[in-house]
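Single-letter residue listing:
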Amino acid sequence: MRFTKLPRSIRQLGTHVLAIILGVALTFSSLRVLPSQAEPAPSAVNPENTPELIAQRQSPAVAAVGNSSFVTAAVNRVGPAVVRLDTERTITRRVDPFFDDPVFRRFFGDSSQGQVPSEQLRGLGSGFIIDKSGLILTNAHVVDKADRVTVRLKDGRTFDGKVQGIDEVTDLAVVKINAGNNLPVAPLGVSSNVQVGDWAIAVGNPLGFDNTVTLGIVSTLKRSSAQVGITDKRLDFIQTDAAINPGNSGGPLLNDKGEVIGINTAIRTDAMGIGFAIPIDKAKAIAAQLQKDGKVAHPYLGVQMVTLTPDLAKQNNTDPNSAFTIPEVSGVLVMRVIPNSPAASAGIRRGDVIVQIDGQAIATAEQLQNVVENSRLGQVLQVKVQRGNQVQQLSIRTAELQNAS
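Keep in mind that this is a model prediction, so the values were computed, not measured.

Peer 1: Describe the packing of aromatic side chains, naming the residues involved and giving the relevant values.
Peer 2: What the rule picks out here adds up to two aromatic pairs. For the pair phenylalanine 70 and tryptophan 199, a centre-to-centre distance of 5.1 Å together with 50° between the ring planes defines the contact as tilted. Placement of phenylalanine 70 in helix 4 (residues 70-78) and of tryptophan 199 in strand 7 (residues 199-204) is noted, with a sequence separation of 129 residues between them. Residue phenylalanine 70 is classed as buried on the basis of its relative accessible area, which comes to 16%. Accessibility expressed as a relative area gives 29% for tryptophan 199, which makes it partly exposed. Consider the rings of phenylalanine 237 and phenylalanine 276, whose centres lie 5.8 Å apart with planes at 55°: the pair is tilted. Of this pair, phenylalanine 237 sits in strand 9 (residues 236-240) while phenylalanine 276 sits in strand 12 (residues 275-279), and the two are 39 residues apart along the sequence.

Peer 1: Would you mind going over the pattern of salt bridges in detail, with residue names and values included?
Peer 2: All chains considered together, the criterion is met by eight salt bridges. Salt-bridge contacts for arginine 157 lead to aspartate 155; the nearest nitrogen and oxygen are separated by 3.0 Å. Judged by relative accessible area, arginine 157 falls into the partly exposed class, the value being 38%. We classify aspartate 155 as exposed; its relative accessible area is 52%. The partner of aspartate 256 in a salt bridge is lysine 257, and the shortest N-O contact between them spans 3.9 Å. For aspartate 256, a relative accessible area of 37% corresponds to the partly exposed category.

Peer 1: Any details on the side chain of arginine 84? Residues and values, ideally.
Peer 2: The residue arginine 84 is located in strand 1 (residues 82-92) in this model. Within the structure, the side chain of arginine 84 is placed 3.1 Å from the side chain of aspartate 86, a separation counted as a polar contact. If we ignore the near neighbours within four places in the chain, the residues touching arginine 84 are Leu124, Gly125, Thr150, Val151, Arg152, Asn205, Gly208 and Asp210.

Peer 1: Please give an account of the side chain of asparagine 205 that cites residues and values.
Peer 2: For asparagine 205, the location among the structural elements is in the loop between strand 7 and strand 8 (212-224). A polar contact of 3.1 Å, which involves the side chain of asparagine 205, links it to the backbone nitrogen of asparagine 211. Apart from residues lying up to four places away in sequence, asparagine 205 is in contact with Val83, Arg84, Leu124, Gly125, Ser126, Asp210, Asn211, Pro246, Gly247 and Asn248.

Peer 1: Which residues make up the layout of surface pockets, and what values do they have?
Peer 2: For the largest pocket, the calculated volume is near 1,300 Å³. Per-element accounting of the lining of the largest pocket gives the leading share, seven residues, to helix 11 (residues 365-373). Looking at the lining of the largest pocket residue by residue, the classes come out as 19 nonpolar, 13 polar and ten charged.

Peer 1: Account for helix 4, naming residues and giving values.
Peer 2: Among the residues making up helix 4, those that are buried are Phe70, Val71, Ala74, Val75 and Val78. Looking down the long axis of helix 4, one finds its buried residues gathered within 130° of arc, a one-sided arrangement. One side-chain oxygen of the residue at the start of helix 4 lies 3.1 Å from the amide nitrogen of valine 71, identifying that residue as serine 69.

Peer 1: Help me get a handle on the environment of phenylalanine 324, residues and values and all.
Peer 2: With respect to the helices and strands, phenylalanine 324 occurs in the loop between helix 9 (310-318) and strand 15 (331-337). When residues no more than four places from it in sequence are discounted, the contact partners of phenylalanine 324 are Asn316, Asn317, Arg350 and Gly351.

Peer 1: Tell me about the nonpolar core, residues and numbers included.
Peer 2: A general feature of soluble globular proteins is that nonpolar side chains tend to end up buried together. Phe128, Leu137, Val151, Leu153, Ile177, Ile201 and Ile263 are the most contacted members of the largest nonpolar core, which has 47 residues in total. In contact with isoleucine 177, other than residues within four places in its own chain, are Ser133, Gly134, Ile136, Val151, Leu153, Phe159, Asp160, Gly161 and Leu183.

Peer 1: Could you give me a rundown of unusual backbone geometry, with the residues and numbers involved?
Peer 2: With a phi angle near 55°, lysine 222 is a residue other than glycine that sits in the positive phi range. Mapped onto the secondary structure, lysine 222 falls in strand 8. A relative accessible area of 69% means that lysine 222 is categorised as exposed. In this model, aspartate 358 sits at a positive phi of 50°, which is unusual for a non-glycine residue. Along the chain, aspartate 358 turns up in the loop between strand 16 (353-357) and strand 17 (360-361).

Quick notes on the rules
- Residues numbered from 1 in each chain as written.
- Predicted model: local features only at pLDDT ≥ 70, side-chain atom pairs only at ≥ 80, totals over all residues.
- Heavy atoms only, no water.
- Phe/Tyr/Trp six-rings, centres within 6.5 Å; stacked < 30°, edge-to-face > 60°.
- Helix = DSSP H or I, 4+ residues; strand = E, 2+ residues; numbered from the N terminus.
- Buried < 20%, exposed > 50% of the residue type's maximum accessible area, 1.4 Å probe, protein only.
- Salt bridge = Lys/Arg side-chain N within 4 Å of Asp/Glu carboxyl O.
- Polar contact = N/O pair within 3.5 Å; in protein donor to acceptor, adjacent residues only side chain to side chain.
- Contact = heavy atoms within 4.5 Å.
- 1 Å grid on protein atoms, 1.4 Å probe; cavity = no way out; pocket = protein on both sides within 12 Å on 5 of 7 lines; lining within 4 Å.
- Points joined across faces, edges and corners; volume = space filled by probe spheres on them.
- Nonpolar A, V, L, I, M, F, W, Y, C, P; charged D, E, K, R; others polar.
- Arc of directions from axis to C-beta.
- Core = buried A, V, L, I, M, F, W, Y, C linked by side-chain atoms within 4.5 Å.

Here you go:
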């Protein structure tokens, strides 16, 4: 009864103090109940709970890949089929006219005549076995013009390789070794199923470091060779951020199942973390033709071209230093016509804008290139061009491209 008669302010103060004491007591009791995640007491560790404690301390990268690494499984599946290619090429230097001078021969004798200076060039690349008989798929630029190709397997064995076929346009080549009929084979996937964000595993021999593996993702699809800066190729690349370095060329790009989805082929020296691979679907078709015929026939028109938009055309036409006026339309601008080409024979001119082929609207240079690549040799294409203010309808018969350059 005396407590209730105390002043109201003192009663409120007592209530607050009691609440604080109860809160502190509850906090300490909860700390005793909950285990410390940072440093659990040794006596509290249960062997059955050890994996859970380890999982709590995993880095984000390990958590993403998982304890049983799919990368390890993929590499174990394909690794034995990945090979190293060492190439040798002898080049002859041009003889200085000084050596043919009679005065030179008078001082040094005629023995100097007929001596042609030469130089030995060595190269390094990667490849992978696609058939138990010893067929190897790689890049054309790895083995092109090589006098000798030495193939080194992962188990250390080496064999002389014979180049069965090269296609410069798609940068693909097939090499054959005689090593029996029971070689490990890389499983080929389907690149048309690949999506941006999928895992990408690059395997090869970069910078001479054998059996190197890097991990990344597919960063984009259908990156044209023109966009990459390789104008003499006809390819749509898989772009990846998996590290690709010199020596990786020709090696496989894998998915998370250990299937080959691409062939590592190009890097950009002015960009970090960007590499490019030829889709395996394209490589399968080219490899089959190379095995059969040793080459691949590519139709062509014979023009150098760029994509044109109305805005680009307007900028050109308002420039007082412009060489010529071009139609302000969407299409493909012809920058140059190759002499004696199908386009030249059909009457295509510099400054023409190709806007349609066989009734199909053409908006980009890549689209035109794909239409021509998918046509048949000798096929007549109906090409509509805008020439100044007039529209011309021309017929162009495709011919075989003889040289990629």
